[in-house]
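Given next are the chains, with one letter for each unit.
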Amino acid sequence: PFDFSDVVISFAPRAFMAVAPEKDHNFDVGGVRDVMAAAAPVYKQLGVPEKLQALYPDAGHDFPAEARQRAYEFIDRYLKK
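Structure report, in brief. Worth saying up front: this structure is predicted, and the values here are computed from it rather than measured. (Residues numbered from 1 in each chain as written. Predicted model: local features only at pLDDT ≥ 70, side-chain atom pairs only at ≥ 80, totals over all residues. Heavy atoms only, no water.)

1. Considerations on a nonpolar patch on the surface
Okay, step 1: A cluster of nonpolar side chains, namely Tyr72, Ile75 and Leu79, defines an oily patch on the protein surface of about 290 Å² accessible area.
Okay, step 2: Mapping Tyr72 onto the fold places it in helix α3 (residues 65-78). (Patch = residues over 30% accessible without salt bridge, like charges linked within 9 Å, V, L, I, M, F, W, Y side chains within 5 Å. Areas by Shrake-Rupley, 256 points an atom, 1.4 Å probe, with all protein chains shown as cover. Salt bridge = Lys/Arg side-chain N within 4 Å of Asp/Glu carboxyl O. Helix = DSSP H or I, 4+ residues; strand = E, 2+ residues; numbered from the N terminus.)

2. Remarks on the packing of aromatic side chains
Okay, step 1: For the structure shown, the criterion picks out two aromatic pairs.
Okay, step 2: Their ring planes at 35° and their centres at 5.4 Å tell us that Phe11 and Phe16 sit as a pair that is tilted.
Okay, step 3: Centre to centre, the rings of Phe74 and Tyr78 are 5.0 Å apart; their planes meet at 55°, and the pair counts as tilted. A residue pair is termed a helical-turn pair when its members lie 3 or 4 positions apart in one helix, as Phe74 and Tyr78 do in helix α3 at four residues. (Phe/Tyr/Trp six-rings, centres within 6.5 Å; stacked < 30°, edge-to-face > 60°.)

3. Let's talk about the side chain of Asp24
Okay, step 1: Here Asp24 is to be found in the loop between β1 (16-19) and α2 (29-45).
Okay, step 2: Here the side chain of Asp24 touches His61 through a polar contact of 2.9 Å, side chain to side chain.
Okay, step 3: In contact with Asp24, not counting residues within four places along its chain, are Ala59, Gly60 and His61. (Polar contact = N/O pair within 3.5 Å; in protein donor to acceptor, adjacent residues only side chain to side chain. Contact = heavy atoms within 4.5 Å.)

Written out as structure tokens, the structure is:
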């Protein structure tokens, strides 16, 4: 019903992180890569490329400890007041 690229682009310049495991059989990691590639030029043009991040852990449908830690650090850096 909508284009995920447009949704993520609409977040700019606010921070956005995607965590998409490589071996997730429920969600296609390729779609996440496409969305991030479409959003990256917008974040770059706005001067905040570091606020758009993606993690692709070598895992199935899971949120591995290392990815979780990096996500928490991202939240603390960009979203915590």
